[in-house]
Every structure is written in C-alpha cells, then in structure tokens.
Amino acid sequence: MAIIRENGRYRSCGYKAYPGGSALVLLFAVGCVSTDESLFGGADVPDLRPDDAVESTVQTAAPVIPGAEGAANAGEGAEPSQQVLELAPLPAQPPPAAAALPEAPPPPAPPAFEPCASPGLLLCDTFEDEASGAFPALAPWLPELSGCGTHRVDASGVSVSGSQALLATPGGYPECMLHARLPAGMSPAGMLEQRDEVYVRSWVRLGPEPELLENYLTLIELGARAAQDDPELRIGLRPAGGSLCASAPGLDVSVSGLQSGSATGCSGFALEPERWYCLQAHVKRQARNLDYELSVDGAGVLSASGVRLGPNWNDRDWYLKVGRAAYGESAAGSVWHDDVAVGQEPVPCGP
C-alpha cells in the first residue's frame, strides 16, 4: 500500500513489489481507492482534481525494504509494504503578460516668450525690424545726433530673443545713446500730466574688453532732457578703486539734480563679460521725492526711497537713454542691449 501526495493532496494505491536488482524494487500499481477519512485519523482531505491524476502504473526506484524480497516470493498472500511517495508539485504557471500600455504623447512645448507682449507698455524694441548696421530709426526712437556714430544694430547673432541687438561700440557721449521720449500720462480730467511711475527692462551684455570694468560708464539713463545728462538717474558700472563705490564696485545708481547735489548707491554686483543679464528698474516720482529699485535677473540688488529732487526735475517729460556712455578716462569696450521695454506695469525678463 502506498500513499501518494501531490500538491498537498493524498491518494491510496495498492502496489505489488518485484525484485529489480540488488538495490531496486519495482512497484506496479494494482489499484487505487479514494481516500478514506479513517486512514488519516479523521483529517480533512480534499478531493483530487482531474488534473491531479497520475498513471495507474508507476515504475520507480525505491530503497530495499527489509522483508520485501521474501514477501515477493511468497506470492499474493504477503502483506504489501506501505510508504508515502512524495511527488514534486506541478510547475507554477507564469502570470499572463500584461498588455503594453500605449506611450503617452510628449507634453506640448510652451509658447515662445514674446518680449513685447506685456500689458501697459509705453515702448518696446527687439531690434529685429531695424536695419542692420544703422542707428535704430523706428518710432519711438529719436534721430541720431550729429557727430556720434557709436550705436548700431548688430546682426551677428549676439542677441536674446532673435538675431539682432543694439551694439554700442567704443566711445560715446550720453547724447549719443539711443534715446526716446516717454509719452506723458493722462489725468482723470483728460489732461496730459507728468508720468510718475515707470518700469524699465533691458537685457545687457558686456564685451570682452577689460576697460569696461576699469572706468565709469552708464548703461541706462532716465532724465528730463533729450540731449542733456543733468538732471538724470543713471544706471551704470563703477570700477574698483574709483572715488565712488571703491569697496563695492559693480552696478550703481546715481541721481543728479538733487537738492543736495547728487547721490550714488553702490550695489557691489559685478557683471561678467560676454554674458547676458536682465536689468530691471522701477522708478517712482512723487512731488519732489524719488524712489527707485534695481534688479538683476529678477533679484533686487539696490533700492532707495525719499530721494529729494531739485527744481530741474519739474519738467513734464521723461527721456529714456539706452546703450553706453563713457564718463571715465577710457571709452574702450563694447556693450549690447536687447529687448528694451518701458511700461506702466512690471515688465518680466522672460518666461
């Protein structure tokens, strides 16, 4: 008698043993009966499934059981031996392969940033529509003053939003900078009035010439006259070792035409050559008080409030000047400007 266990299930079969050699006994099944609860002490034995069936004749190698040979010679009257045959479980079936998910489409590309699409702009120029090699002639820029020749549209590809930019070459007085009159505001009564608050943005890039960092020059100016630099608010570069900002060279803001003469604020932020920076200025004028803030790439670097203006600041018009003006001994070095804008609301640098 043999008890077969397959995958945790049992079956009782009768076998006849025949000698198969010195170390083997051949067993042949002579019949199987269903499991009997009393055979396993009342244990709950599940029924066999059809796929658990094995062939009725099993030939297997087994260790020689004492008395087996004598029982075989004695014929059918001998009681067959009992053993439990452990059969390997059926191999586990792999789970069905998951259906391949379709690839998600790539996210849409963000829309291109439009430098002149901000609300409330008073003027904006990317220099893409200007004639290469010439002084910008499109409105609102005023005509170039005689004897200058230092500011031209550059189409070499050094730019921010396109292929052209404004290039200020060595030399240049404040009057030679690119300049424009900012339109006056309108009062609630419909009268033109002085514009009291403006936001300025210009991308700026210094050339490789070391002289740019050795002398005082300006990059952006706001004043009351088109061809005069006094009174004005000037944003420029102060060199190390100069009379002003000696311990904090870099970007500065100087205001002339004050009740006390002039005042200079030093940021200590140094511009690296051949790299674009976004300069933003917020200037607010209230009666005889002037407030300003200067930011680089969106981060504030310098501010002042309550600067007392002199009587020359009582003019209605404001003029913007962009480029480079030499105030030091050397006028060497090149400066690029691009995406110049002035607005009544903050003008962003980019997306």
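Our subject is the structure listed above.
Remember, predicted model here, so these are calculated numbers, not experimental data. What you see as residue numbers is a count from 1 along each chain, following the sequence as written. Thresholds applied to this predicted model are a pLDDT of at least 70 for local features of residues and 80 or more for the giving and counting of side-chain atom pairs; totals over whole chains, interfaces and linings are not thresholded and use all residues. Only heavy atoms go into the side-chain values, all of them from the structure, while hydrogens and water stay out.

Quick look at the overall build of the chain
Secondary structure is summarised from DSSP: a helix means a run of H or I of at least four residues, a strand means a run of E of at least two, and numbering begins at the N terminus for each. Check the secondary structure of the chain and you find 1 helix and 20 strands. The rule is simple: take the accessible area with a 1.4 Å probe, protein chains only, and divide by the maximum for that residue type; under 20% is buried, over 50% is exposed, in between is partly exposed. Sorting the 351 residues of the chain into buried and exposed places 39% on the buried side. Only heavy atoms enter the contact rule, under which two residues are in contact if any of them lie within 4.5 Å. Sequence separation of 24 or more characterises 63% of the internal contacts of the chain that already satisfy a separation of 6 or more.

Quick look at the sheet that holds strand β8 (residues 178-182)
The strands that make up a sheet pair up through hydrogen bonds in the backbone, lying either parallel or antiparallel. With antiparallel pairing, 6 strands are arranged side by side in an open sheet as β8-β19-β12-β13-β14-β15. Strands at the two margins of the open sheet, each flanked by one partner only, are β8 and β15 (261-266). Strand-to-strand twist across the sheet, computed as the mean angle between neighbouring axes with direction ignored, equals 15°. Note on pairing: DSSP must find at least two bridges between two strands before they are called paired. Throughout, an axis means a line fitted to C-alpha atoms (over the contacting stretch in the case of helices), and angles, computed between N-to-C directions, take values from 0 to 180 degrees.

A word on the side chain of Ser-254
Relative to the helices and strands, Ser-254 is located in strand β14 (residues 250-258). N or O atoms within 3.5 Å of each other form a polar contact, as long as, within protein, one can give a hydrogen and the other can take it, and as long as residues adjacent in sequence are counted only when both atoms are side-chain atoms. At a separation of 3.0 Å, a polar atom in the side chain of Ser-254 contacts the side chain of Arg-238. Separated by 3.0 Å, the side chains of Ser-254 and Asp-252 make a polar contact. Those residues in contact with Ser-254 that sit more than four places away from it in its chain are Tyr-216, Glu-232, Leu-233, Arg-234, Arg-238, Ala-263 and Thr-264.

Structural notes on the state of the cysteines
Note that a disulfide, as used here, is simply two cysteine sulfur atoms within 2.5 Å. Counted under the stated rule, the structure contains 4 disulfides. In this model, Cys-116 is linked to Cys-124 through a disulfide, with the two sulfur atoms separated by 2.0 Å. Disulfide Cys-116-Cys-124: the torsion about the S-S bond is -75°, which places it as left-handed. On the accessibility criterion, Cys-116 (37% relative accessible area) is partly exposed.

Here's the deal with unusual backbone geometry
A cis amide bond links Ala-139 with the next residue in sequence, Pro-140, at an omega value of 10°. Its place among the elements puts Pro-140 in the loop between β5 (121-125) and β6 (151-154). Look at the link from Asp-230 to Pro-231: it is a cis peptide, with omega at 5°. Here Pro-231 shows up in the loop between β12 (217-223) and β13 (232-238). Backbone geometry places Phe-127, a non-glycine residue, at a positive phi of 65°.

Side note on the environment of Val-255
As for its position among the elements, Val-255 is in strand β14. Judged by relative accessible area, Val-255 falls into the buried class, the value being 2%. C-alpha of Val-255 to C-alpha of Glu-221: the two residues are 34 residues apart in sequence and 9.7 Å apart in space. Those residues within four positions of Val-255 in sequence are excluded, and the remaining contacts are Glu-232, Leu-233, Gly-261, Ser-262, Ala-263, Leu-290, Tyr-292 and Trp-313.

Considerations on the pairing of strand β7 (residues 165-168)
Along β7, one buried face is formed by Ala-165 and Leu-167 and the opposite face, lined by Leu-166 and Ala-168, is buried too. Here β6 pairs with β7 via 4 bridges, running antiparallel. Among the inter-strand pairings, Arg-152 is bridged to a residue of β7, identified as Leu-167. Here 3 bridges tie β7 to strand β20 (residues 335-343), and the two strands are oriented antiparallel to one another. From the neighbouring strand, Leu-167 faces β20, where its bridge partner is Trp-336.

Focus: the environment of Ser-163
Positionally, Ser-163 belongs in the loop between β6 and β7. Along the primary structure Ser-163 and Thr-126 are separated by 37 residues, whereas in three dimensions their C-alpha atoms are 9.4 Å apart. Every residue in contact with Ser-163, bar those within four places of it in the chain, is listed here: Glu-128, Asp-154, Ala-155, Ser-156 and Gly-157.

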